[in-house]
Amino acid sequence: MTTKPAPTRTFPVALPWMLPILLVLLFLAVLIWLPWQAQRMEANERQEQLIADTLWVEQAIQFQLKRNEESLMALSEDFVQNKINHQALIERMRLYTNNNHEIQDLMLWDSQNKLIAANSDNTLDNAAGSAQAENRELIRQANLASALFTQKIQKPSCVKQPQNAGIVLCRFPLFRDQVYLASMTVSYRLQTLLNEAVPWWFAQEHAITLLDSEEKVLAKRAAGGPGKNIYTHNRALELPQLTLTLHTNSTKSAPKLLANLLVLSVVLLSLGLVWSLIALWRDIHRRMQAEGALRKEAAFRAAMENSLITGLRARDMEGRLTYVNPSFCKMIGFPAEDLVGKLPPMPYWAPEERAEYENRFAQILTGTVQPEGFEIIYQRANGERFPVLIYESPLVDEHGQQTGWMSSILDVSELKRAQELTRQQEEKLHANARLATMGEMASMLAHELNQPLAAISSYTTGALNILQQEEGDALSTSQSTQSTQSTQTSPNTIPKSVRQSLSEVLEKAKQQAQRAAQVIRSVHEFVKKREASRALLSINTLLQSVMPLIELQAHNAHIHVHYQIDPDLPDVFADKVLIEQVLLNLTRNAIEAMQEVTYPQRQLQIHAHLSKGNNPKYPQLVLIQVMDQGHGIAPEVAEKLFSPFFSTKADGMGMGLSICRTAIEFHGGSLKYRANPAGGTVFEFTIPCDISHTKK
């Protein structure tokens, strides 16, 4: 039993060879057709550009004529309405003619077609000549032609003068309530008009000509030479009762085909196509197999990379980035194409940490990298710094050779924020504990110091009483022995001047002891958070009472004190001692801030004014400002200026400004600071004027 041989399948075998040949033939046909089509497109583009340029020139000429019409009609109206006299009219006509070179003659006619004024004396002198008669006839014809217009200012009439082909006469009649009043005639030099309206770049590429209805040349401009009659266009220049033609002839030649270059390109491209097809047919099977495997691997790898929140990067042995995952790009804000292939320094390195980066990079190159992670600062694309934790490990290929390093990067910003928040909470707890301890100590000191201060006040009162009694005894003794010439002062008697000085000193000591006791009582009440002894008081009186103490401190530091206090400030409901302590604290700080400045700058200013409040309950505020010209407040100090226990002084406790702000806020006001424009700092606080207590 014999078997029939299987039929040969020639068609499917020949089909892969025929298809590339057909594609090559189609490719050659397209390459031949493309230059011809490109030539046609370029010719069409040049023709369209020529038409657009001609339209632009026509609009420029129309705009210039329209502008002249509006200006000259406004000049005619001014003269008809007697806004200008005859001499001023002639001067303005001459000035306008000088500024517009395309105008040759400019004449104004009255309602009887009598010449009133002209731009030159020659025109007036030749008014009786033949040209005058022709102008009158043209004006008469124009009047008849425009008699049907009903607008206030009729459209102008333009006619070509027969004696000069390059001159066009235009007439602008002036009507009021349909009554003809006057007319302005303008003689245009068409050559000058064309030179002014056509720019130089247009004249370099095109020859433009003005033709009349009989196709006679009136004006021509061709800076680039005569046109080649390849790209031409005619555009009608519509003037009132006159039509001219703008003829544009381009100086460009027709586009040429680059035959040799195209043939060579076709041959080279065809050879390249055949070679690429052979190479493609040889490797297509292997590529299809590899493509399937790579597609699966790429899909798995992309899914794995997109699911990671840890940044990954790979570097070769020279430190060049060879791979970054999306999480790392999202972390630093740079796209992968801006990172892969880049050598150090990297764009995500912070400038201030560059030495640390280079040190770490040197350790990686030398192979001394530590297995444990290290923390460093990176910089995002927007300039934001953030901390990262990096783990480095060698990158080994399938042959066991190290080809670089693999890094995993973790953004620890949130962890740092949590740690910083915990630290701040601990600091607040410690500060609150210290404040509570200070409150207890203040209460204890207030209780313990009240007794010695009361004793000092009692002793000074007793000493004053003794001095007063001794002064009375001395006075009686002096009266009894007045007649005795040999009376001597007793050794036990204190002289009068000494007694008076001693009395003043004791009186001041008594006042200061009472003041210290009042301060301690206020602090004690304030620490216990009870209502302080607030009462109606005058700000002017309060400032007068603390001025001596302020001036005493300022005098010792050679500082000049200036006051600017409104005389009619309203009373406020406040604790006098607390407000005095705030003033003394702020002025003392201002004086200490000016210790290192030159003497002319040692100026302390204290202002007190009335201000408006935002709270309806307190519509008026008393604003008190303490201004110095010292060293100012640094930005790093300003953040903690009112924090408890923060001080820039070596012997300071850091409670002055904090207590001052608390005392002002206790009164319903606010304590702020700002930079002084003259240098230094301005501290200002407000005290609300309580209307209810003020009325009482």
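The rules behind these values
- Residues numbered from 1 in each chain as written.
- Predicted model: local features only at pLDDT ≥ 70, side-chain atom pairs only at ≥ 80, totals over all residues.
- Heavy atoms only, no water.
- pLDDT = per-residue confidence, 0-100.
- Contact = heavy atoms within 4.5 Å.
- Phe/Tyr/Trp six-rings, centres within 6.5 Å; stacked < 30°, edge-to-face > 60°.
- Helix = DSSP H or I, 4+ residues; strand = E, 2+ residues; numbered from the N terminus.
- Buried < 20%, exposed > 50% of the residue type's maximum accessible area, 1.4 Å probe, protein only.
- Lys NZ or Arg CZ within 6 Å of the ring centre and 35° of its normal.
- Pairing = 2+ DSSP bridges.
- Axes fitted to C-alpha atoms, helices over the stretch in contact; angles between N-to-C directions.
- Patch = residues over 30% accessible without salt bridge, like charges linked within 9 Å, V, L, I, M, F, W, Y side chains within 5 Å.
- Areas by Shrake-Rupley, 256 points an atom, 1.4 Å probe, with all protein chains shown as cover.
- Salt bridge = Lys/Arg side-chain N within 4 Å of Asp/Glu carboxyl O.
- Expected span 1.5 Å × (residues − 1).
- Arc of directions from axis to C-beta.
- Polar contact = N/O pair within 3.5 Å; in protein donor to acceptor, adjacent residues only side chain to side chain.

### Brief notes about the confidence of the model for the chain
Inference 1: The pLDDT averaged across the chain works out to 75; a share of 72% of its residues lies at or above 70.
Inference 2: Counted against residues more than four places away or in other chains, residues 483–491, with its pLDDT under 50, gives 1 contact.
Inference 3: Low confidence marks residues 650–654, where pLDDT is under 50. Its contacts with residues over four positions away, or in another chain, come to 10 contacts.

### What to know about the packing of aromatic side chains
Each pair of aromatic rings is reported with the distance of its centres and the angle of its planes.
Inference 1: Throughout the structure, instances matching the rule amount to 9 aromatic pairs.
Inference 2: Ring geometry for Tyr 348 versus Tyr 378: centroids 4.8 Å apart, planes at 55°, classification tilted. In this pair, Tyr 348 is assigned in the loop between helix H8 (326–332) and helix H9 (354–366) and Tyr 378 in strand E12 (residues 374–379), connecting sequence segments 30 residues apart. Taken as a pair, Tyr 348 and Tyr 378 share a single burial class, namely buried.
Inference 3: Relative to Phe 386, the ring of Tyr 378 lies with its centre 6.4 Å away and its plane at 80°, an arrangement referred to as edge-to-face.
Inference 4: Residue classification places Tyr 378 among the buried positions, given a relative accessible area of 2%.
Inference 5: Connected via pairs of aromatic rings, a cluster forms that spans Phe 328, Tyr 348, Trp 349, Tyr 357, Tyr 378 and Phe 386.
Inference 6: Between Arg 380 and the ring centre of Phe 386, over which it is positioned, the NZ or CZ distance is 3.9 Å.
Inference 7: Here Arg 602 stacks its cationic end above the ring of Tyr 599, 4.3 Å away from the centre of that ring.

### Looking at the sheet that holds strand E7 (residues 217–221)
Inference 1: The 4 strands are arranged E7-E6-E9-E8 in an open sheet whose pairing can be described as antiparallel. The outermost strands of the open sheet, each flanked by one partner alone, are E7 and strand E8 (232–239). On average, adjacent strands in this sheet sit at an angle of 20° to one another, irrespective of strand direction.
Inference 2: In the sheet, strand E6 (residues 206–211) pairs with strand E9 (residues 242–250) via 6 bridges, with the strands oriented antiparallel. Each residue of the ladder has a partner; that of Ala 207, found in E9, is Asn 249.
Inference 3: Each of E6, E7 and E9 touches helix H5 (residues 190–197); the most contacted strand, E7, lies at about 30° to it.

### A word on unusual backbone geometry
Most peptide bonds take the trans configuration, and most residues that are not glycine carry a negative phi.
Inference 1: Backbone torsion omega between Pro 344 and Pro 345 reads 5°, so that peptide bond is classified as cis.
Inference 2: Looking at the secondary structure, you find Pro 345 in the loop between H8 and H9.
Inference 3: Phi at Glu 215 is positive, roughly 60°, even though this residue is not glycine.
Inference 4: Mapped onto the secondary structure, Glu 215 falls in the loop between E6 and E7.

### Quick word on a nonpolar patch on the surface
Inference 1: Taken together, the side chains of Val 274, Ile 278, Leu 280, Trp 281, Ile 284 and Met 288 make up a nonpolar region of the molecular surface, amounting to roughly 550 Å² of accessible area.
Inference 2: Along the chain, Ile 284 turns up in helix H7 (residues 259–307).

### Let's talk about helix H2 (residues 86–99)
Inference 1: Over its 14 residues, H2 extends 20 Å from the first C-alpha to the last, a length consistent with the 20 Å expected when each residue adds 1.5 Å.
Inference 2: For H2, the set of buried residues is Leu 89, Ile 90, Met 93, Tyr 96 and Thr 97. Down the axis, H2 shows its buried residues gathered within 130° of arc, on one side only. Within H2, the exposed residues directed more than 90 degrees away from the buried face are Leu 95, Asn 98 and Asn 99.
Inference 3: Two to three positions downstream of the cap, the backbone nitrogen of Gln 87 sits 3.4 Å from a side-chain oxygen, assigning the N-cap of H2 to Asn 85.

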